[in-house]
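Working through the structure, step by step
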Amino acid sequence: MENPKTAMNPEVRSGWDTDVLIIGSGAAGLRAALAASEHANVTLITKTTLTESNTHYAQGGIAVAMNLDDTIALHIKDTCVAGAGLCDVVAVEMMVSEGIPRVAELLDWGANFDWEGTLPRFTQEAAHSRRRIVHKGDATGRETTDVLIQRVRNTERIHVLQNAFAIDLITDAALKESSQELITCYGIIAIVEEQIVSIRAKATILATGGLGRVYPCTSNPQIATGDGFAAAWRAGCEMIDMEFVQFHPTTLFLDGAPNFLISEAVRGEGGTLLNIRGERFMEKYHEKGELAPRDIVSRSIQNEMHLTQFPCVYLDITHKTTDFIQERFPTISATTKHYGLDINVDLIPVRPGAHFMMGGIRTNTDTQTNIDGLYACGEVACTGVHGANRLASNSLLECLVYGARAGRNAANFASTQPAGPPDLPILSNVGASATLSTETAEIDIEEIKSAIRETLWENVSIERTGEGLQNTLAVLQGITESLGDMVTCSETKDVSTFETLNMLNVALMITQSALARTESRGAHYRFDFPTRDDLKWQRRILITRDNPPEIVPL
Ligand SMILES: Cc1cc2nc3c(=O)[nH]c(=O)nc-3n(C[C@H](O)[C@H](O)[C@H](O)COP(=O)(O)OP(=O)(O)OC[C@H]3O[C@@H](n4cnc5c(N)ncnc54)[C@H](O)[C@@H]3O)c2cc1C
């Protein structure tokens, strides 16, 4: 395999750089790399370091039907109820049943999850009918990535490239006469060591994670700017369910502290929510109280904040012993302590923040997209397992199951490819409608980012209205127009500039899809259409770069 690090000039190279190229080092990308490497040479690239991902920060755990009183059928049922009528049941069944061997294998590989006797210690989370969440204290993501990264590092066939930023997919779209013809992906254009390079791959897997950073309040780390969604959309991928953004009810709201998640498991272990008046309020909104589905808890908190005219509510876990808190929530306890809050005795100030994207690149259960040779898995993909609302802790499970499937399928596809890629006008494709030039004009990238975030928070977050969505659409279109020709030029190598355009692209997709869905369902709540309408809307919304949102059957 040629090393992409030393093969920078796409003009003078021929042949492939790798069999399978994977973009992203979260659970999905790492698991895909391990599976693909059983049959192919793999290159895995990641935006910053191997450890930096949403996965790394996952706290609560992995949902898996392994407990003695649990069944696959129950886990499927809970997932589909949370998904509010939009889950793809075949995909859910696959995730839940294949999830058992995937988690067992993670344990075999050394994941040091919490145990009780001969079984993992299963915890409870909202909307689960059984205790089925395996975890490592409140740092399950770190434990999971540590195990996967160690295996990746020990696998010779996997070549890792850190600080490599994927800009766009290389496809043969420009050679096609009709938009109906199947296009094929041949790798990516990326920034590596401040150079724009191409990495040519027989098969490519997008595992770039989520997009929480398009909102100002989010649990997601800085890498989550939606790059994979945007690159796929620009390349012609079908995007689906983009209106369904999950808001986590409890992110820390403390002066000077960064966005930080207070895991659902805190409520699972009996934590209660109080408003500023000290009143417990969740029972007023839902029979399951604090363990109601996330969208309901988020909206209830928002309503209490509105009623009390106070910018947060409080989470109370003080009834638990110090030892229990130390053992079960060491990360939360240490982080809050760092900012002067002792959760053994203090109430935790919290409010909702953007957390997870249910929608994404449309894939089948083999993780194939509508572009040949392009696969997607993890949060950037949408197989339909989450429907309109994700059940807590199902996401890491999805990454393990569909990551492994993506790796296997991409390696199989790679084995069918010819000795070299076609002669493509790669460089002239760079950033087609993708890049901004900071060199030719005075653009304040940070100002654009803030404008996108503010308008999304105001109109496209927990509660939406047609009028608000139209306003945001106008703001986003205004930004796009103000960028004018700059949107098509491509001299910059500034990652932040590319991220900004990606944010603009995903903001548009979310807003357009949210405007199209004139009902309330799961994480999508419309004040002007407050009820769920199964007759008209048990359907999905498909969006592509060249077409307005289209309503498609389940
Ligand atoms: C704070 C927090 C707590 C959570 N807790 C849980 C939980 O307990 N249980 C659960 O099931 N889910 C949880 N989730 C959700 C879950 O962690 C994520 O959905 C899941 O980890 C996503 O994994 P992924 O592999 O798809 O993406 P990620 O883990 O986000 O990885 C994406 C990777 O892609 C890379 N990347 C992105 N863009 C580019 C680019 N342009 N070029 C190159 N590389 C790029 C990133 O650097 C990163 O390495 C939590 C999420 C957060 C933020």
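Residues numbered from 1 in each chain as written. Predicted model: local features only at pLDDT ≥ 70, side-chain atom pairs only at ≥ 80, totals over all residues.

This part takes up the overall build of the chain. Helix and strand counts for the chain come out as 17 helices and 20 strands. Its C-alpha atoms give the chain a radius of gyration of 22 Å, within 12% of the compact-globule value 24 Å for 554 residues. The dimensions of the chain, computed from C-alpha atoms along their principal axes, are 65 × 55 × 50 Å. Out of the 554 residues belonging to the chain, those deemed buried represent 54%. (Helix = DSSP H or I, 4+ residues; strand = E, 2+ residues; numbered from the N terminus. Rg over C-alpha atoms; globule rule 2.2 N^0.38 Å. Buried ≥ 20, exposed ≤ 12 C-beta atoms within 10 Å, placed from the backbone.)

Now for the site of the ligand. Not every one of the 43 residues close to the ligand is listed here, only the nearest: G24, G26, N54, G209 and G378. Counting residues per element, the ones that place at least two in the shell around the ligand are α1 (27-36), α2 (54-57), α5 (140-153), β8 (164-171), α6 (227-235) and α12 (394-414). Here the shell around the ligand takes four residues from α12, the largest share from any one element. Its residues placed into classes, the shell around the ligand shows 15 nonpolar, 24 polar and four charged. (Near = placed C-beta within 6 Å. Nonpolar A, V, L, I, M, F, W, Y, C, P; charged D, E, K, R; others polar.)

What follows covers the domain arrangement of the chain. Interface size, as often reported, equals the accessible area lost upon joining of the parts. By domain assignment, the chain separates into domain 1 (252-353) and domain 2 (428-553). Listed by partner, the interface residues are five residues for domain 1 and five residues for domain 2. Among the elements that make up the side of domain 1 that touches domain 2, the one with the highest residue count is helix α9 (residues 294-308) (four residues). (Domains from an automatic or database assignment. Contact = placed C-beta atoms within 7 Å.)

To continue, consider the sheet that holds strand β20 (residues 547-553). One open sheet holds the five strands; their spatial order is β18-β16-β11-β19-β20, and the pairing between them is mixed. Each having just a single partner strand, β18 (381-382) and β20 make up the two edges of the open sheet. Pairing analysis gives two bridges linking strand β11 (residues 239-240) to strand β16 (residues 360-362), with the strands arranged antiparallel. Counted as the bridge partner of I240 is G360 from β16. Along the sheet face, helix α16 (residues 495-516) touches β11, β19 (539-544) and β20 and points at about 145° away from the line of β19. (Pairing = 2+ DSSP bridges. Axes fitted to C-alpha atoms, helices over the stretch in contact; angles between N-to-C directions.)

Of all six residues that make up strand β1 (residues 18-23), six are buried, and the element is covered over most of its length. The pairing of β1 with strand β10 (residues 195-206) spans five bridges and is classified as parallel. Pairing of I22 across the sheet is with I205, part of β10. Where β1 meets strand β2 (residues 42-45), four bridges bridge the pair, whose relative direction is parallel. The residue of β2 that forms the bridge with I22 is L44. Each parallel crossover has a hand, and the one from β1 via α1 to β2 is right-handed. (Right-handed = clockwise from strand over helix to strand, strands pointing away.)

Most of α6 sits out of view: nine of its nine residues are buried. All buried positions along α6 are accounted for by D227, G228, F229, A230, A231, A232, W233, R234 and A235. Once α6 ends, the next one or two residues include G236, with phi positive near 110°.

Another point: the packing of helix α14 (residues 445-459) against helix α15 (residues 466-483). Closest axis-to-axis distance for the α14/α15 pair is 9 Å, and the angle between their directions is 170°. Considering the angle they form, α14 stands roughly antiparallel to α15. Residues I448, A451, T455, L456, E458 and N459 of α14 lie in contact with α15, whose contacting residues are G468, L469, N471, T472, V475 and I479. Looking at the contact of α14 with α15, its residues break down into six nonpolar, five polar and one charged. (Parallel < 35°, antiparallel > 145°, perpendicular 65-115°, else oblique.)

Taking strand neighbours across the sheet as the criterion, the four strands line up as β12-β15-β14-β13 in an open arrangement whose pairing is antiparallel. The open sheet has two edge strands with one neighbour each: β12 (245-252) and β13 (272-274). Between one strand axis and the next, the sheet turns by 45° as a mean value, whatever way the strands run. By the bridge criterion, three bridges tie β13 to strand β14 (residues 313-316) in an arrangement that is antiparallel. Within β14, the position partnered with L273 by the bridge is L315.

Take helix α11 (residues 330-338) next. Where α11 is concerned, the buried positions are I332, S333, T335 and T336. Buried residues in α11 make contact with β12, α10 (322-328) and β15 (348-357). With its phi angle positive at about 85°, G340 sits one or two positions after the end of α11.

Tracing the chain through its elements places N459 in helix α14. For the pair N459 and T321, spaced 138 residues apart in sequence, the C-alpha separation works out to 41 Å. With sequence-adjacent residues up to four places away left out, N459 is seen in contact with R464, G468, L469, N471 and T472.

In the predicted model, the chain carries a mean pLDDT of 92, and 93% of its residues have values of at least 70. In the model of the chain, helix α13 (residues 426-429) stands out as the element of lowest mean pLDDT, 42, in contrast to strand β17 (residues 374-376), which has the highest, 99. Here residues 1-12 scores under 50 on pLDDT; set against residues more than four positions off or in separate chains, the count is 23 contacts. Residue range residues 427-440 is modelled with pLDDT below 50. Its contacts to residues more than four positions away, or to other chains, number 45 contacts. (pLDDT = per-residue confidence, 0-100.)

Before going further, it helps to spend a moment on the packing of helix α3 (residues 72-82) against helix α4 (residues 89-108). Here α3 crosses α4 at 130°, and the two axes come no closer than 9 Å. Between α3 and α4, the crossing angle belongs to the class labelled oblique. The hand of the α3/α4 crossing is right-handed. Facing α3, whose interface residues are I72, H75, I76, T79 and C80, α4 presents V89, V92, E93, V96 and S97. (Left-handed = near helix turned anticlockwise from the far one by under 90°.)

We now examine the nonpolar core. The tendency in soluble globular proteins is for nonpolar side chains to be buried as a group. If you look at the biggest cluster of nonpolar residues, it comprises 154 residues, and the most contacted ones within it are V20, I205 and C377. At twelve residues, α12 tops the list of elements feeding residues into this core. Each of domain 1 (252-353) and domain 2 (428-553) accounts for three or more of the residues forming this core. The contact partners of I205, leaving out residues within four places of it in the chain, are V20, I22, I23, A32, Y375, A376, C377, A406 and A410. (Core = buried A, V, L, I, M, F, W, Y, C linked by C-beta atoms within 7 Å.)

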